Amino acid sequence: MMQTLPDSLHQLLRARTQVAHEHLNQHPLLVGLTQPDYPLRSYWLVLSALYHFYRAFEALIESASDRLKSGFDYAPRRKHGWLRQDLVDSFHIDPDDAFWRPRRKFLPIRIEDQAELVGALYSIEGASLGGQVISRHIQAGRLGVSAEHGGRFFHGYGEQTTPRWNEYLQFAEASCPDAAQREKASNAALAVFAEIEAALDDYSARADKNPRPRT
Ligand code: HEM
């Protein structure tokens, strides 16, 4: 992993989102994810929540990145297709069926300049570091998940995780040289954490309800 310099943007982003990250790790739908008795049903709810979030959010990232001519190519990093693959191919869940759809509206996160793009990307690209840890746990646990079966999303970039993260960090540092931009980037990163938390809340509210059987 890249060394964090004392005054780097990376360190600021990490410090500013630390509480939100710890809070998210304690979310009722995520808290047991690395434990062997984590229920498959919660896993489906997490994948569905993340699928709808990532689909909307990745569209926003890509259009902002094009519009801003950011120089950052998000296309090879797209993750909502992996979530869809896990749900549809491995678990035969159609995330567009009413039960698996979000009940709240996705609130578009502002991405109006390069600093906001950097911040928004921080949360989503950083999550793939945690995804590596989760991936190892769920493959070792009782969910019956592997990178090929139901765990494609958490497998993420696999061995490419560190180089992709370093590439993102370089882009981030180069894009936000001044304090005002760093501040903006931090706020955008926090907005993503808040939106993911709200998306998960929406799904944990239905954790004890059953979907209608598929016909
Ligand atoms: C979808 C929710 C999540 C988001 C948005 C998220 C976000 C992030 C971010 C931004 C980082 C990078 C921190 C840095 O700058 O170094 C990170 C790292 C990490 N996250 Fe999460 N995270 C999420 C869920 C989780 C969960 C549930 C766990 C619990 C297992 C977790 C465990 C970790 C770990 C262990 C790292 C450090 C990985 C490393 O340094 O190699 N994350 N996450």
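Structure's up top.
Rules used in this analysis
- Residues numbered from 1 in each chain as written.
- Predicted model: local features only at pLDDT ≥ 70, side-chain atom pairs only at ≥ 80, totals over all residues.
- Heavy atoms only, no water.
- Donors = N, O, S within 2.8 Å, 3.2 Å for Na, K, Ca; no water.
- Helix = DSSP H or I, 4+ residues; strand = E, 2+ residues; numbered from the N terminus.
- Expected span 1.5 Å × (residues − 1).
- Bend = angle between axes of the 7 residues up to and from the residue.
- Buried < 20%, exposed > 50% of the residue type's maximum accessible area, 1.4 Å probe, protein only.
- Arc of directions from axis to C-beta.
- Contact = heavy atoms within 4.5 Å.
- Axes fitted to C-alpha atoms, helices over the stretch in contact; angles between N-to-C directions.
- Left-handed = near helix turned anticlockwise from the far one by under 90°.
- Nonpolar A, V, L, I, M, F, W, Y, C, P; charged D, E, K, R; others polar.
- Core = buried A, V, L, I, M, F, W, Y, C linked by side-chain atoms within 4.5 Å.
- Salt bridge = Lys/Arg side-chain N within 4 Å of Asp/Glu carboxyl O.
- Near = heavy atom within 4 Å.
- Polar contact = N/O pair within 3.5 Å; in protein donor to acceptor, adjacent residues only side chain to side chain.

(A) Up close: the coordination of the iron atom of the ligand. Coordination of the iron atom of the ligand by the protein involves just one donor, H21 (NE2), at a distance of 2.1 Å. Mapped onto the elements, H21 comes out in helix α1 (residues 9-25).

(B) Structural detail: α1. Compared with the 24 Å implied by 1.5 Å per residue over 17 residues, the 23 Å span of α1 between its first and last C-alpha is a close match. Roughly 50° is the biggest bend found in α1, and it falls at Q18.

(C) Representation of helix α3 (residues 80-91) within the structure. Taking 1.5 Å per residue, 12 residues should reach 16 Å; α3 reaches 16 Å between its end C-alpha atoms and fits that length. Where α3 is concerned, the buried positions are W82, L83, D86, L87, S90 and F91. Projected down its long axis, α3 carries its buried residues within an arc of 135°, all on one side. The inward-facing, buried residues of α3 abut α2 (40-67) and α5 (152-155). Looking one or two residues beyond α3, the residue adopting positive phi is H92, at roughly 55°.

(D) View of the packing of α2 against α3. Contact geometry for α2 and α3: axes closest at 8 Å, N-to-C directions at 145°. Note that α2 runs across α3; the crossing there is left-handed. Note on element contacts: α3 touches α2 through H80, L83, R84, D86, L87 and F91, opposite L40, Y43, W44, L47, S48, L50, Y51, Y54, R55 and E58. A per-class count over the contact of α2 with α3 returns 10 nonpolar, 2 polar and 4 charged.

(E) Just the nonpolar core, in detail. If you look at the biggest cluster of nonpolar residues, it comprises 58 residues, and the most contacted ones within it are Y43, F57, L121, I124, F154 and Y168. Only α1, α2, α3, α4 (114-140), α5, α6 (161-175) and α7 (179-204) provide two or more residues apiece to this core. Excluding anything up to four places from it in sequence, Y168 contacts L13, F72, R77, V118, L121, Y122 and E125.

(F) Main features of the pattern of salt bridges. Within this structure, the stated rule accounts for 14 salt bridges. A salt bridge links E116 to R110; the nearest nitrogen and oxygen atoms lie 2.8 Å apart.

(G) Region of the structure containing the site of the ligand. Around the ligand, a shell composed of 19 residues is seen, among which H10, R14, H21, N25 and Y122 lie nearest. At 3.5 Å, a side-chain N or O of N25 approaches a nitrogen atom of the ligand. Listed by contribution, the elements that provide at least two residues to the shell around the ligand are α1, α4 and α7. It is α4 that provides the largest number of residues to the shell around the ligand, a total of 8 residues. Here the shell around the ligand is built from residues that sort into 11 nonpolar, 7 polar and 1 charged.

(H) View of the side chain of S175. For S175, the location among the structural elements is in helix α6. Reaching out from S175, the side chain makes a polar contact with the backbone oxygen of F171 at a distance of 2.7 Å. With residues near it in sequence (within four places) discarded, S175 still touches Q114, V118 and Q181.

(I) Up close: the environment of G119. Among the structural elements, G119 can be located in helix α4. Placed 66 residues apart in sequence, G119 and A185 show a C-alpha to C-alpha distance of 4.0 Å. Other than its neighbours up to four places away in sequence, G119 contacts A185, A188 and A189.

(J) Representation of unusual backbone geometry within the structure. For K69, which is not a glycine, the phi torsion comes out positive at approximately 45°. Relative to the helices and strands, K69 resides in the loop between α2 and α3. A residue is classified by how much of its surface remains accessible, and K69, at 72% relative accessible area, is exposed. Located in the positive-phi region is H92, a residue other than glycine, with phi close to 55°. Its relative accessible area of 54% is what places H92 among the exposed residues.

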